[in-house]
Amino acid sequence: MISREDAIGPDARLSWVLAAVAGMIGAAAFLDSDGYFVTFMTGNTERMALQGFETTRARGVIGPTALNAGFIIVAFVAGVFVAMYCRRRFWSNHPHGTTVLTTIGLFVAGMTDLVLSGFKENNVTYWPIIIVAFSVGALNAAFVKNGEVSIPLSYVTGTLVKLGQGMERHFRGGGTVYDWLGYALLYAGFIVGAVFGGIVGTIIDSGYLLFGAAALCGAATLVTFFHTDRKTLLG
């Protein structure tokens, strides 16, 4: 049974904000690239596995090649790895310092796109997308409990599984509304962020979008500091 504090407490509320950031980054990157997923590792894995099948070619499936998708997966896992290492080694008093790493990563991605294409292309080029995938992976290490990631921010499939499980527990009388409410709000946060990312992606083109995402993630970093990190430092 999930407590009210775990479902809608300060950390939970902050997770909704950061899930929105993840959704925004993922949607914006998808719209302003050649269809690359930076949050949907299930899709990248299936694309990597099915790329060579005749049915995919016959149906005109386009998008990243198997190798492209594989590099994105590696970059995402590397982001989680580096963020977790930094949390254990340097950020013991900053439970949400991973947003700083994500902000820096998005800014570097924007600079990389500027160097490679000069923002002359309508879409963000591939190598900056690799850096964005790394950044999203790092963001997923924002919430850690007992040495384990407790709230994977871009793992929508897992969130929906937990949502359905909690609703069933509440329905049969073995739990409360808090068993599923937090997951519903986390999911809603991701959707709101994705919609916002879609809006931003239609207004800002190419690598400028990455700088915009970096600025928004920087604002989220300030929220995490004043909402949680500052309390940890002062407490």
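In case you missed it, the structure is sitting above this.
Now for a quick tour of the structure. (Residues numbered from 1 in each chain as written. Predicted model: local features only at pLDDT ≥ 70, side-chain atom pairs only at ≥ 80, totals over all residues. Heavy atoms only, no water.)

## Digging into the nonpolar core
Part 1 of the reasoning: If you look at the biggest cluster of nonpolar residues, it comprises 39 residues, and the most contacted ones within it are Ile72, Val132 and Leu153.
Part 2 of the reasoning: Those elements giving two or more residues to this core turn out to be helix 1 (4-8), helix 2 (10-31), helix 5 (66-89), helix 6 (98-117), helix 7 (126-139), helix 9 (178-203) and helix 10 (208-234).
Part 3 of the reasoning: In terms of residues, this core owes the most to one element, helix 2, which gives 10 residues.
Part 4 of the reasoning: Counting 7 residues, the second largest nonpolar core, distinct from the first, contains Ala83, Met84, Trp91 and Ala141. (Core = buried A, V, L, I, M, F, W, Y, C linked by side-chain atoms within 4.5 Å. Buried < 20%, exposed > 50% of the residue type's maximum accessible area, 1.4 Å probe, protein only. Helix = DSSP H or I, 4+ residues; strand = E, 2+ residues; numbered from the N terminus.)

## Points about the packing of helix 8 (residues 156-171) against helix 9
Part 1 of the reasoning: Two elements in contact, helix 8 and helix 9, have axes whose closest approach is 8 Å; the angle formed by their N-to-C orientations is 150°. With respect to their mutual orientation, helix 8 and helix 9 come out roughly antiparallel. Both helix 8 and helix 9 take part in a crossing whose hand is left-handed. Between helix 8 and helix 9, the contacting residues are Val156, Thr159, Leu160, Lys162, Leu163, Gly166, Met167, Arg169 and His170 on the first element and Asp179, Trp180, Tyr183, Ala184, Leu186, Tyr187 and Phe190 on the second.
Part 2 of the reasoning: When its residues are assigned to classes, the contact of helix 8 with helix 9 shows 10 nonpolar, 3 polar and 3 charged. (Axes fitted to C-alpha atoms, helices over the stretch in contact; angles between N-to-C directions. Parallel < 35°, antiparallel > 145°, perpendicular 65-115°, else oblique. Left-handed = near helix turned anticlockwise from the far one by under 90°. Contact = heavy atoms within 4.5 Å. Nonpolar A, V, L, I, M, F, W, Y, C, P; charged D, E, K, R; others polar.)

## A few points about the packing of aromatic side chains
Part 1 of the reasoning: Per the stated rule, a full pass over the model turns up 7 aromatic pairs.
Part 2 of the reasoning: Pairing Tyr36 with Tyr126 gives two aromatic rings, centres 5.2 Å apart and planes at 55°, and the pair type is tilted. Here Tyr36 is found in the loop between helix 2 and helix 3 (41-50), whereas its partner Tyr126 is found in helix 7, with 90 residues between them in sequence. The residues Tyr36 and Tyr126 share a single accessibility class, namely buried. (Phe/Tyr/Trp six-rings, centres within 6.5 Å; stacked < 30°, edge-to-face > 60°.)

The quantities given are spatial measurements derived from coordinates; they are silent on function.
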